[in-house]
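Topology and contacts: notes
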Amino acid sequence: MKIPLFIELYRALIGTPSISATDAALDQSNESLITMLAGWFRDLGFQVEVQPVPGTRNKFNMLASAGSGPGGLLLTGHSDTVPFDDGRWTRDPFVLSEHDNKLYGLGTADMKGFFAFVLNNLRDIDVASLKKPLYVLATADEETSMAGASYFARSSQLRPDCAIIGEPTSLTPVRAHKGHLSNAVTVMGQSGHSSDPARGVNAIEVMHEAISHLMLLRDTLQTRYHHPAFVIPYPTMNFGHIQCGDAANRICGCCELHMDIRPLPCLTLGDLEELMTDALASVSERWPGRITVSALHPPIPGYECPTDAPMVQVVEKLLGVETEVVNYCTEAPFIQALCPTLVLGPGSINQAHQPDEFIDTAFIKPTRELITQIVQHFCHH
């Protein structure tokens with residue numbers, strides 16, 4: 001079967017909704033999109049494996065493979081989009097529309113469009129001529145839990161020479177970003193009448209102690225960990241939301257704080273968890289069983305591809321620019337566990353998650369050239 005033309009590929013991808021949301025009412029399966037991608041890659045002569053992702057609402061990864069032997073190249077991206085704000089879009093988010101040298105639609109930049117670029121390029125490649133394997137991975141739930149990439153990294157035997165994640169980086173290669181943890185710190189006190197404080201345990205006061213210790217940890221993170229490539233060169237900690245108490249004359253029985261930490265690549269999730277436990281240890285000893293810390297979302301580790309990785313030098317040379325570090329999170333730390341990984345793709349990150357999301361058509365020609373050169377370099381040499 002003939003693969004549709006580039007713009008028709010794009011139109012079909014945008015026209016197949018695959019929204020990821022923590023709210024079950026908005027969350028959608030990506031099965032239709034994955035089935036469509038799988039069909040196209042099979043038509044190109046790729047072997048295709050569709051992988052159900054555990055712990056999700058009917059979500060799937062897809063791995064398309066061509067060529068054989070060790071090493072090779074992995075091109076990867078996520079198949080889902082964020083929800084859209086109905087009142088702020090001026091056009092149908094599921095219909096690809098072109099205006100003023102821009103292609104509009106939900107996922108045009110972030111990042112369904114990447115698969116249209118890849119498929120369009122591969123139609124001109126004889127997969128039988130590949131000297132090293134070429135893999136294309138489409139993942140599930142990147143916009144919420146990153147469950148697809150996380151599961152793939154844990155379960156795959158694949159060890160390519162390198163991987164490229166086609167997130168919208170304006171074709172600037174990205175080699176590092178911070179991680180992201182969001183935690184709930186909960187204090188269970190003992191409510192009672194304010195006229196007799198000794199008969200209760202005030203959760204607000206215990207939380208005050210806990211926050212004081214966490215602020216000391218925040219200072220420690222700032223002095224102990226440093227990475228000069230980042231604009232903010234230390235791990236940050238933010239107290240974003242707190243909820244507690246119900247009346248001025250009652251001892252507060254429960255208090256919950258939501259906080260986030262953005263670790264540098266050199267600070268592992270395990271180390272950070274240990275630092276949090278140590279920071280709260282003395283408060284927990286004073287108030288046994290009253291303080292719990294739980295994850296609001298699955299944590300994402302920091303990521304860094306070594307500057308001396310061969311692929312960094314190859315890509316920098318091809319593009320004539322140096323790799324950068326960024327503050328937003330991607331699936332890179334999971335894929336990096338398999339092989340050296342760069343984040344590099346068409347479209348601007350400024351368009352991601354925005355109403356009237358678009359990709360500038362100026363990206364079309366250089367993206368085609370880049371994918372051709374990268375496949376040529378890593379799979380034909």
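Because the structure is predicted, anything quoted here is derived from the model rather than measured.

Some remarks on the sheet that holds strand β5 (residues 102-104)
Adjacent strands of a sheet form backbone hydrogen bonds with each other and so pair up, either parallel or antiparallel. The strand order β4-β5-β18 describes an open sheet built from three strands, whose pairing is antiparallel. Strand pairing shows two members of the sheet lacking a second neighbour, β4 (97-99) and β18 (358-360), which therefore form its edges. The average angle at which neighbouring strand axes cross in this sheet is 25°, direction not considered. Strand direction decides the pairing type here: β4 and β5, joined by three bridges, are antiparallel. Directly across from Ser 97, in β5, lies its bridge partner Tyr 104.

Details of the nonpolar core
Nonpolar side chains tend toward joint burial in soluble globular proteins. Counting residues in each nonpolar core, the largest one holds 72 residues, and the members touching the most others are Tyr 10, Leu 37, Phe 41, Phe 46, Met 62, Leu 73 and Leu 134. Not counting residues up to four positions away in its chain, the partners in contact with Phe 41 are Phe 46, Val 48, Met 62, Ala 64, Val 118, Leu 119, Leu 122 and Val 136. In terms of nonpolar packing, the next biggest core, distinct from the first, is built from 31 residues, Leu 217, Cys 252, Met 259 and Leu 275 among them.

Re the UniProt feature "domain: Peptidase M20 dimerisation" (unreviewed entry) in the protein chain
Cross-referencing UniProt, the feature "domain: Peptidase M20 dimerisation" (unreviewed entry) maps to residues 176-286 in the present numbering. From the first C-alpha to the last, residues 176-286 spans 40 Å; its make-up is 36% helix and 29% strand.

Re helix α7 (residues 310-319)
Among all positions in α7, only Met 311, Val 312, Val 314 and Val 315 are buried. Buried residues of α7 fall within an arc of 165° about the axis and therefore sit on the same side. Exposed positions of α7 whose direction lies more than 90 degrees from the buried face are Pro 310 and Lys 317. Tucked inside the fold, the buried residues of α7 contact β7 (162-165), β17 (341-343) and α9 (364-380). Taken from the residues just after α7, Gly 320 is the one with a positive phi, measuring 70°.

Regarding the packing of aromatic side chains
Per the stated rule, a full pass over the model turns up seven aromatic pairs. Their ring planes at 75° and their centres at 6.1 Å tell us that Tyr 10 and Phe 117 sit as a pair that is edge-to-face. Of this pair, Tyr 10 sits in helix α1 (residues 6-14) while Phe 117 sits in helix α3 (residues 113-122), and the two are 107 residues apart along the sequence. A relative accessible area of 1% means that Tyr 10 is categorised as buried. Owing to a relative accessible area of 1%, Phe 117 belongs among the buried residues under this scheme. Among the aromatic residues, those joined into a cluster by ring pairs are Phe 6, Tyr 10 and Phe 117. We note Lys 102 situated over the ring of Phe 358; from NZ or CZ to the ring centre the distance is 5.3 Å. For the cation-ring pair, Arg 368 lies above Phe 6, with the distance from its terminal atom to the ring centre recorded as 4.9 Å.

Overview of the layout of surface pockets
If a probe as big as a water molecule is rolled over the atoms, it shows which places are left empty. Quantified by volume, the largest pocket comes out at close to 460 Å³. The space that makes up the second largest pocket amounts to roughly 300 Å³. Along the walls of the second largest pocket sit 17 residues, with Asn 183, Glu 273, Met 276, Thr 277 and Val 293 positioned nearest its centre. Sorting elements by how many residues they give to the lining of the second largest pocket places helix α6 (residues 269-286) first, with seven residues. Split into classes, the residues belonging to the lining of the second largest pocket amount to eight nonpolar, eight polar and one charged.

Focus: the pattern of salt bridges
Under the counting rule described, the total for this entry stands at 11 salt bridges. Salt-bridge contacts for Asp 27 lead to Arg 57; the nearest nitrogen and oxygen are separated by 2.9 Å. Placement of the pair is Asp 27 in the loop between α1 and α2 (31-43) and Arg 57 in the loop between β1 (47-52) and β2 (60-66), with a sequence separation of 30 residues. Residue class for Arg 57 comes out partly exposed when judged on its relative accessible area of 40%. Its salt-bridge partner being Arg 286, residue Glu 209 comes within 2.9 Å of it at the nearest N-O pair. Of this pair, Glu 209 sits in helix α5 (residues 203-224) while Arg 286 sits in helix α6, and the two are 77 residues apart along the sequence.

Side note on the side chain of Thr 367
Its location among the elements puts Thr 367 in helix α9. There is a polar contact of 2.6 Å between the side chain of Thr 367 and the backbone oxygen of Phe 363. Not counting chain neighbours up to four residues away, the residues in contact with Thr 367 comprise Phe 117, Leu 171 and Pro 346.

A few points about the packing of α5 against α6
Orientation of α5 relative to α6, taken along the N-to-C sense of each, is 150°, at an axis distance of 9 Å. The orientation of α5 with respect to α6, classified from their angle, is roughly antiparallel. α5 and α6 meet at a crossing whose hand is right-handed. Contacts between α5 and α6 pair Val 206, Glu 209, Ala 210, His 213, Leu 214, Leu 217, Leu 221 and Arg 224 from the former with Leu 272, Leu 275, Met 276, Ala 279, Leu 280, Ser 282, Val 283 and Arg 286 from the latter. Grouping the constituent residues of the contact of α5 with α6 by class yields 11 nonpolar, two polar and three charged.

Digging into the sheet that holds strand β14 (residues 291-295)
Reading across from one edge, β11-β13-β9-β14 is the order of the four strands in this open sheet, with antiparallel pairing throughout. Strands at the two margins of the open sheet, each flanked by one partner only, are β11 (236-244) and β14. Shown here is a sheet whose adjacent strand axes are inclined to one another by a mean of 20°, direction ignored. In this sheet, β14 lies alongside strand β9 (residues 181-188) in antiparallel orientation, the contact comprising five bridges. Residue pairing in the sheet places Asn 183 in a bridge with Ala 295 of β14.

Conventions used here
Residues numbered from 1 in each chain as written. Predicted model: local features only at pLDDT ≥ 70, side-chain atom pairs only at ≥ 80, totals over all residues. Heavy atoms only, no water. Pairing = 2+ DSSP bridges. Helix = DSSP H or I, 4+ residues; strand = E, 2+ residues; numbered from the N terminus. Axes fitted to C-alpha atoms, helices over the stretch in contact; angles between N-to-C directions. Core = buried A, V, L, I, M, F, W, Y, C linked by side-chain atoms within 4.5 Å. Buried < 20%, exposed > 50% of the residue type's maximum accessible area, 1.4 Å probe, protein only. Contact = heavy atoms within 4.5 Å. UniProt positions renumbered as here; feature names shortened; annotations may be inferred. Arc of directions from axis to C-beta. Phe/Tyr/Trp six-rings, centres within 6.5 Å; stacked < 30°, edge-to-face > 60°. Lys NZ or Arg CZ within 6 Å of the ring centre and 35° of its normal. 1 Å grid on protein atoms, 1.4 Å probe; cavity = no way out; pocket = protein on both sides within 12 Å on 5 of 7 lines; lining within 4 Å. Points joined across faces, edges and corners; volume = space filled by probe spheres on them. Nonpolar A, V, L, I, M, F, W, Y, C, P; charged D, E, K, R; others polar. Salt bridge = Lys/Arg side-chain N within 4 Å of Asp/Glu carboxyl O. Polar contact = N/O pair within 3.5 Å; in protein donor to acceptor, adjacent residues only side chain to side chain. Parallel < 35°, antiparallel > 145°, perpendicular 65-115°, else oblique. Left-handed = near helix turned anticlockwise from the far one by under 90°.

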